[in-house]
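These are the residues of each chain, in order.
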Amino acid sequence: MKTRPIVGRAKAGNRSSLASDEITSPGDAVDQDSVADQDSAVVTIDVAELSAEHADLLARFTGEVGADAVIESGVAGRELVVRIEPAAWVSAALACKTKLGFDYLGFVAGIDWLPTPAAGGDDAEGDTSAPVQPKDMTFGVAGSAGRFQVFARVGSTKVARYGITLKADLKESAPHIDSWFSVYPGADWHERECWEMYGFIFDGHPSLRHLYLPHEFEGFPLRKDFPLLAREVKPWPGLVNVEAMPGVDDEEGGD
Amino acid sequence: MASFRNSIQGMQKGLGVTLKTMLKPAVTVHYPHEKEEVTARARGVIALQEENCTVCMLCARSCPDWCIYIEGHKEKRPARREGGRERTVSVLDRFDIDYALCMYCGICVEVCPFDALHWSPEYEYSEFSIASLLHDMEKLGEWEATVPEIEPLELGAEVKKAKK
Amino acid sequence: MTAFDVDPKLYSPLADSHLNVELDTGDMVLNIGPQHPATHGTFRLVVRLDGERVIKADPVIGYMHRGYEKLTEYRTYPQVTTLINRIDWLSSFANEVPFIAAAEQLMGIEAPPRALYIRTILTEMARISTFLLFLGEMGLQVGAITPAFLGFRDREYPLNLIESATGGRFHPNFNRIGGIKDDLPWGWIAECRNTMRKMLDSCDIFEDLVLGNPIFQARTRGIGIIPAELGAAYGVSGSNIRASGVDWDLRRDGEPLLPYNEIDWKVWTHQDGDSYARYWVRLQETRESARMILHLLDQMPSGPIMAKVPRIIKVPQGETYVAAENPLGEMGYYIISKGATGPFRVKIRTASFSNVSIMPWLLQGIYVPDVITVLASLYFILGDIDK
Ligand code: SF4
Ligand code: SF4
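Keep in mind that this is a model prediction, so the values were computed, not measured.

Undergrad: It is not clear to me how the pattern of salt bridges should be interpreted in this structure. Could you clarify?
TA: One side chain can pair with another of opposite charge once the charged atoms of both are near each other. Per the stated rule, a full pass over the model turns up 39 salt bridges over all chains. Note that Glu 172 of chain A is salt-bridged to Arg 147 of chain A, the shortest N-O span being 3.1 Å. Placement of Glu 172 of chain A in the loop between strand S6 (163-170) and strand S7 (176-178) and of Arg 147 of chain A in the loop between strand S4 (104-112) and strand S5 (148-155) is noted, with a sequence separation of 25 residues between them. Among the residues examined, Glu 172 of chain A registers a relative accessible area of 47% and is labelled partly exposed. According to the relative accessible area criterion, Arg 147 of chain A is buried, its value standing at 8%. Here Glu 319 of chain C and Lys 167 of chain A are joined by a salt bridge, their closest N and O atoms 3.0 Å apart. Of this pair, Glu 319 of chain C sits in strand S7 (residues 318-326) while Lys 167 of chain A sits in strand S6, placing the two residues on different chains. In this structure, Glu 319 of chain C and Lys 167 of chain A share a single accessibility class: buried. Salt bridges linked by common partners bring Glu 124, Arg 127, Arg 242, Asp 249, Arg 251, Glu 285 and Glu 325 of chain C together as one network.

This is the structure we're talking about:
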């Protein structure tokens, strides 16, 4: 038997045949030919071009989901981030998938903006090797109304470097949001993970049950107020030494 | 019938590969009898050069697994030169690495500012109980003999590497 | 069945079987795993059978969940690098690259060209070693034992190379923010060239021995077909989706993290979308990777391998998402930094997680013996699912 049709093509080909008309494919124009003949391996980002690209995408996104659904937008790295009304969560997904060409589900996940507690609890003595995070609650790109947010990224398999990250705020008292399962079936597991890790409830999900953790598990491990026991049951060995760190005058002691 | 012939052909091919491989030298090593040669860079076990260590605790502080335990104290030493100042020297009392926890990341070796820790490619130190995987100062010092020389680098590498 | 016909009613909590399995007469519930050789790791699949046919399949994961997203919040960036080595443990080097690239992007640091080249070579080498395991393993799942031995033997060569350059066979921890840890040892390039030629030969053997084998074809053709559209909606990525005819490869279409655009190479796709196509695509990609490494070695620039980085690494406040084409598919990190020495939140988007999430749909209606071949052909690593 012979192998069936093969579609392999050189990297410099263009994919216009795949991209539908309403989708511009900025990624194509940027990297493939122009950068290929540069000597240096460092690819610089053209900020101006990217923001035009983002502005265009944002305009089309707003056109599809309605201006009152979009609260704030920003750029994270090279990605457009849009914070939308939680009520528009599913309709935005639907618009992304059917109108904007985002056929690919990246992930659905949650964020807890509560400041990271010090490792070993706030009353732990001295510092630990864990990084010290700022103590006040600040929000990232596109802001947030409160502690909990759900964020999701969708991309495209048809257009190069084309993706969007959506964020929606959840109420701390009742973190409910509609499920994406009906739009992107792959959201199933992501939402289950998000539910067990953050306690967000995805309305309309067929079966919200534990994915990673045993089903009798209590608590939501990825919330910032859930302690990381590994860092609490054992004292930090870096503290054992009560002597001061060797000063400058000690340096010759080593040789 | 055709599929039967196909299957025979498939089998013949498989046996052909077997035959060809049989005639080649073995790629496996009969381990306890023959030792495998490991590359010089391999991260096998950490060796401690006790004299170099100044008990600065940097390694213990940056270890992601918290598996280095260090204790030390300061001692006064007479001055080296006539009329010089008395020196204070940090002396190690305890330096343990728990290999049951260590994940061989090499961060401790990299952060040590006094070149007291080195990687050795030695790998034969398995134990019957987890507790005996805790290597103390003496044992870590013994590994020092197995630390290989620094190898030369590949063509095109930057040559200003003489800082250590 | 249409593409999106996933009946939510089919989706009862079968997994928590000791609680609420609704046993119907005539149906049989079969547990595959958690310890089963075909699942390479602890992965459990609960299937409900009607005779020999699967009517419902429910993967149960989490036996190896290590909570990496939580752990990263308590570690500094260099400490996280060593952690994420263990996500997809067969191609650890490839895991490091997007994370480091994301941190570099937030800090505004660019690694020097030589470092990028070495990263690319080692990433491709990780791909080869991972795929060689797959090429052998998949043979084993249809009952042929020779390919497994061949795969394991040939995989040693790239692994040896990775070890001699990085010091770690499976967990290199070789990338640093701003470059790589060390330059290549003397003689490595010549050795690498030889090995890559060997790899090209062994790809030929696999093609002849496995792909051409009538039993293999009978067991894989037309089985476990993933429709391109549904695959994308499930988030299936990498070779799995390329085997469904989607011409999408983040090495070419994603962010230019590594200098892939400086060499000549090809993205392979297959139109069938079945187990056979997935094997075929991975075989071609192994070969392509070997060729790519040969190209890269020819063009290797000289110079430094580390950019100037501050001694204590603090990543400025910001957010970014960086994804790369791992051997298993799209691996991405969404990093939220608040200006500390460690990240505030890292969302790890692993490839196998999404690739496997299509399983309940994919396994419906196929025969029990094919379950194993479909599982094997999706090629997942448990660490990559469970994080
Ligand atoms: S290698 Fe890593 S885990 Fe092991 S002792 Fe050193 S820093 Fe700790
Ligand atoms: S970092 Fe080096 S000098 Fe400092 S305590 Fe560790 S081994 Fe000793």
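Moving on from the model shown.
Undergrad: It is not clear to me how the sheet that holds strand S5 (residues 134-135) of chain B should be interpreted in this structure. Could you clarify?
TA: Residues and elements named next belong to chain B. Judged by pairing direction, the sheet is antiparallel, and its three strands sit side by side in the order S2-S3-S5 without closing on themselves. One side of each edge strand has no neighbouring strand; the edge strands of this open sheet are strand S2 (68-77) and S5. In this structure, S2 lies alongside strand S3 (residues 87-98), joined through ten bridges in antiparallel fashion. The residue bridging Glu 71 from the neighbouring strand is Arg 94, located in S3.

Undergrad: Can you help me understand the nonpolar core in this one?
TA: Note on soluble globular proteins: their nonpolar side chains tend to be buried together. In this structure, Phe 99, Met 125, Trp 188, Met 196, Tyr 279 and Tyr 333 of chain C are the most contacted members of the largest nonpolar core, which totals 96 residues. With 15 residues, the single largest contributor to this core is helix H5 (residues 113-141) of chain C. Those residues within four positions of Met 125 of chain C in sequence are excluded, and the remaining contacts are Pro 158, Leu 161, Ile 162, Trp 188, Cys 192, Met 196 and Ile 293 of chain C. With 95 residues, the next largest nonpolar core counts Ala 109 and Ile 111 of chain A together with Leu 45 and Leu 378 of chain C among its residues.

Undergrad: Got a minute to help me understand the site of ligand 2 in this structure?
TA: By nearness alone, 14 residues border ligand 2, and Cys 53, Cys 56, Met 57, Cys 59 and Cys 112 of chain B come closest of all. Residue classes in the shell around ligand 2 are distributed as 13 nonpolar, one polar and no charged.

Undergrad: Even after reading the chapter, I still don't get the side chain of Arg 287 of chain C, so can you show me in this structure?
TA: By the secondary structure assignment, Arg 287 of chain C is in helix H12 (residues 275-299). Ignoring anything within four residues of it in the chain, the contact list for Arg 287 of chain C reads Leu 200, Cys 203, Asp 204 and Glu 207 of chain C.

Undergrad: Any chance you could explain the layout of surface pockets here in plain terms?
TA: Where empty space is left in the structure can be found by rolling a water-sized probe over the atoms. By volume, the second largest pocket is sized at about 1,000 Å³. In terms of lining residues, the second largest pocket is bounded by 34 residues, among which Glu 36 of chain B together with Glu 156, Asn 160, Glu 163 and Arg 169 of chain C are the most central. Going through the elements one at a time, helix H6 (146-166) and helix H7 (188-211) of chain C are the ones with two or more residues in the lining of the second largest pocket. With eight residues, the top contributor of residues to the lining of the second largest pocket is H6 of chain C.

Undergrad: I tried to follow the environment of Asp 247 of chain C on my own but got confused; where do I start?
TA: Following the sequence through the fold, Asp 247 of chain C ends up in the loop between helix H10 (239-242) and helix H11 (250-253). Along the backbone, Asp 247 of chain C and Asn 326 of chain C are 79 residues apart, and their C-alpha atoms lie at a distance of 16 Å.

Undergrad: Any chance you could explain the site of ligand 1 here in plain terms?
TA: Surveying the vicinity of ligand 1 reveals the residues Ile 46, Cys 63, Pro 64, Cys 67, Ile 68, Cys 102, Met 103, Tyr 104, Cys 105, Gly 106 and Cys 108 of chain B. The class makeup of the residues in the shell around ligand 1 is ten nonpolar, one polar and no charged.

Undergrad: Just to check I follow, could you spell out the packing of H5 of chain C against H6 of chain C for this structure?
TA: Two quantities define a packed helix pair, namely the angle between the axes and the distance from one axis to the other. Residue and element names in this part refer to chain C. Contact geometry of H5 with H6 gives a least axis separation of 8 Å together with a crossing angle of 165 degrees. In terms of orientation, H5 and H6 fall into the roughly antiparallel class. In this structure, H5 meets H6 at a crossing whose hand is left-handed. Taking contact as the criterion, the partners of Leu 122, Met 125, Ala 126, Ile 128, Ser 129, Leu 132, Leu 133, Leu 135, Gly 136, Gly 139 and Leu 140 in H5 are, on H6, Pro 147, Ala 148, Gly 151, Phe 152, Asp 154, Arg 155, Pro 158, Leu 159, Leu 161, Ile 162 and Thr 166.

Undergrad: Looking at this structure, how should I read helix H15 (residues 368-378) of chain C?
TA: Working note: α-helix, 3.6 residues per turn, so residues spaced by three or four point in the same direction. Residue and element names in this part refer to chain C. Judged by how many residues are buried, H15 sits mostly within the fold: ten of eleven residues are covered. For H15, every residue scored as buried is listed here: Val 368, Asp 370, Val 371, Ile 372, Thr 373, Val 374, Leu 375, Ala 376, Ser 377 and Leu 378. Remark: Tyr 379 follows H15 within two positions and exhibits a positive phi of approximately 50 degrees.

Undergrad: I would appreciate a short explanation of a nonpolar patch on the surface in the present structure.
TA: Residues and elements named next belong to chain B. Residues Leu 19, Met 22 and Leu 23 make up a contiguous nonpolar surface patch of about 390 Å² in total accessible area. Position of Leu 19 among the secondary structure elements: in helix H1 (residues 2-23). According to the relative accessible area criterion, Leu 19 is exposed, its value standing at 51%.

The rules behind the values
- Residues numbered from 1 in each chain as written.
- Chains lettered and ligands numbered in written order.
- Predicted model: local features only at pLDDT ≥ 70, side-chain atom pairs only at ≥ 80, totals over all residues.
- Heavy atoms only, no water.
- Salt bridge = Lys/Arg side-chain N within 4 Å of Asp/Glu carboxyl O.
- Helix = DSSP H or I, 4+ residues; strand = E, 2+ residues; numbered from the N terminus.
- Buried < 20%, exposed > 50% of the residue type's maximum accessible area, 1.4 Å probe, protein only.
- Pairing = 2+ DSSP bridges.
- Core = buried A, V, L, I, M, F, W, Y, C linked by side-chain atoms within 4.5 Å.
- Contact = heavy atoms within 4.5 Å.
- Near = heavy atom within 4 Å.
- Nonpolar A, V, L, I, M, F, W, Y, C, P; charged D, E, K, R; others polar.
- 1 Å grid on protein atoms, 1.4 Å probe; cavity = no way out; pocket = protein on both sides within 12 Å on 5 of 7 lines; lining within 4 Å.
- Points joined across faces, edges and corners; volume = space filled by probe spheres on them.
- Axes fitted to C-alpha atoms, helices over the stretch in contact; angles between N-to-C directions.
- Parallel < 35°, antiparallel > 145°, perpendicular 65-115°, else oblique.
- Left-handed = near helix turned anticlockwise from the far one by under 90°.
- Patch = residues over 30% accessible without salt bridge, like charges linked within 9 Å, V, L, I, M, F, W, Y side chains within 5 Å.
- Areas by Shrake-Rupley, 256 points an atom, 1.4 Å probe, with all protein chains shown as cover.

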